[in-house]
Structure formats: structure tokens, C-alpha cells
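A structural walkthrough
The primary structure of each chain is shown beneath.
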Amino acid sequence: MRLLLNETGLPSSSSSSSSSSADAGSSDLDEAALREVYAVPADRAWLRVNFVASLDGAVTGADGRSGSINTPADFRVFSVLRQLADVVVVGAGTVRAEGYPALQDEDPDAPVLAVVSNRGELPPTVAAMTSPQGAALMITCEHAAAEKVEAAKGVLGESNVIVTGGERVDLVAARQALEEKGFRSILSEGGPSLFATMLEAGVVDEVDLTWAPTLVGGDHGRIAGGPDLDVALTPMLLLEEDGTVLGRWRVGR
């Protein structure tokens, strides 16, 4: 993997060099180097959102899933981001569409999964989780159906259902609740509606985006969908491998 830009202020070791840092244009960044250039600040909690998109802006392929536009380079970084995360926040609709399980069902060392649902309904794959209580959370609001919230508490445990906001989840309070549970590195994997509302609420610190070298046409969603936004970003990192371009941007100037 080739490093094109590194404005993170962090060194990046290259597997092909004994140097402690990699210059722009260097190649063969290994997993340790990727962990370095994607490291989050040590002195504060950090929330980042990760997406993959085609060159024409689609977040899914013809099958309606992001996996059909995924590339090996994107999967490498996706895996590193998961390793660096304490909790992965995902909208309930995306969990259903992508078939997310509770992450620790597949890997006991995986981060906790937090499902955001305004309706208070656990997706079937999470409702059927075999992980111990605490391996998954639900974030919902007061307007959610009481019977659905109670059902979620029965699966996840009462303390693992976070209720905040009236008709919709209060994302500022939700982030605070996650931090109070000790989650410092927060990763969100969408979907587009959750991402847009997160940006609108001002809770996103970083956006990570992979451009897959493909065009899909059709009428697919973009990475952010919903309210109009005007959010400035500052580039921190650019990588390239086999035509896949991966970037890291800080929210704000």
C-alpha cells in the first residue's frame, strides 16, 4: 500500500524500510504501519465514520450491499479500524441490510456493537446473538415502542440499552453515554442517514472514505443522506493500492 499524504502528525513504519517513518510515495505499508497512521488521539475520545464508495459515489453495488464494491485494500483498512475501535456504532437499517451479527459472535476480541434504532427494535441478527450480555448495545429514544425496548433489554441486559432523546435519538447524549461506559475510540460504519444526522449534531471528529475503482450507475445512495449539510474537512491521510484510494479527513479546518 502506497502512502501519498500523511498530515496526521504520526509516524508510519514501512515494512520495506528500516526507517521509523514513511515519506509520501513509499509503499508496502504493513498492518503495524496502518495502525500507526490510523491511530486516534490518546488524550481524548474520538468518533470516526468509515465508508466505501464507488467512483460515481455509490455506497452499495447492484446487490444493495457495500461488500460488492469492497476491495482487498479497503478490507485491510476496515480490519485495522475495527481493531483500533472500542465500539462500532451502526444504524439498525444498515445492520439489517448488511446482515451484521453481534461482532463478538464471530470474534471474541472484536469491539462492542452499538445499534442505533429510533424504533427500539433489535435487528434479527443481533436479537439472535450468542455473545454474552455487554457484547452489544442498543441506543434508542423515548418515543420507541416500550415492548420492543423491553425485548431488547431481555437480550442485551437492561444497562446495555441506552435511551436518550424524545422522538429521535439524541446523538450528542448518545456519544456522551458511550464515553461514560469507557469507550474512547468510537467507530461508526453508517449508514448514510445516521452519518448525516451525526454530522448535523456535530459529534463526528473524522471521516474515513475508500474510493473503489469501479462505476456502478443506477440510483444508489451516497455516504451521507438526509439533511443539507455544510461541513468543512481537512485531509489527514491518503493511501493507494491497485487503484483503490483511501483517505482520512478531520472534521473542521
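Residues numbered from 1 in each chain as written. Predicted model: local features only at pLDDT ≥ 70, side-chain atom pairs only at ≥ 80, totals over all residues. Heavy atoms only, no water.

Notes on the packing of aromatic side chains
Evaluation of the coordinates by the stated rule reveals three aromatic pairs. Ring geometry for Phe51 versus Phe195: centroids 5.4 Å apart, planes at 45°, classification tilted. Note that Phe51 is positioned in strand β2 (residues 46-54) and Phe195 in helix α8 (residues 192-201), a separation of 144 residues in sequence. Grouping residues by exposure puts Phe51 and Phe195 together as buried. Geometrically, the ring pair formed by Phe75 and Phe78 is stacked, given 6.1 Å between the ring centres and 25° between the ring planes. One end of the pair is Phe75 and the other is Phe78, both in helix α2 (residues 72-84) and three residues apart, which spans about a single turn. Residue Phe75 is classed as partly exposed on the basis of its relative accessible area of 49%. (Phe/Tyr/Trp six-rings, centres within 6.5 Å; stacked < 30°, edge-to-face > 60°. Helix = DSSP H or I, 4+ residues; strand = E, 2+ residues; numbered from the N terminus. Buried < 20%, exposed > 50% of the residue type's maximum accessible area, 1.4 Å probe, protein only.)

A look at the UniProt feature "domain: Bacterial bifunctional deaminase-reductase C-terminal" (unreviewed entry) in the chain
As recorded in UniProt, the sites labelled "domain: Bacterial bifunctional deaminase-reductase C-terminal" (unreviewed entry) are residues 46-230. In residues 46-230, the share of helix is 32% and the share of strand is 21%. The end C-alpha atoms are 21 Å apart. (UniProt positions renumbered as here; feature names shortened; annotations may be inferred.)

What about the pattern of salt bridges?
Inspection of the entire model under this criterion finds 13 salt bridges. One salt bridge connects Glu241 with Arg76, and the closest N-O pair in it is separated by 3.1 Å. Here Glu241, found in strand β9 (residues 233-241), pairs with Arg76, found in helix α2; they are 165 residues apart in sequence, far enough to count as distant. Relative accessible area serves as the criterion here: at 17%, Glu241 is assigned to the buried category. (Salt bridge = Lys/Arg side-chain N within 4 Å of Asp/Glu carboxyl O.)

Points about empty space enclosed by the protein
Inspection of every chain in the model, using the stated rule, returns one cavity of 30 Å³ or more. As a volume, the largest cavity reaches approximately 70 Å³. In terms of lining residues, the largest cavity is bounded by Leu47, Val89, Val116, Ile139, Leu171, Ala174, Arg175, Leu178, Met198 and Val203. Per-element tally for the lining of the largest cavity: the top contributor is helix α7 (residues 171-180), with four residues. (1 Å grid on protein atoms, 1.4 Å probe; cavity = no way out; pocket = protein on both sides within 12 Å on 5 of 7 lines; lining within 4 Å. Points joined across faces, edges and corners; volume = space filled by probe spheres on them.)

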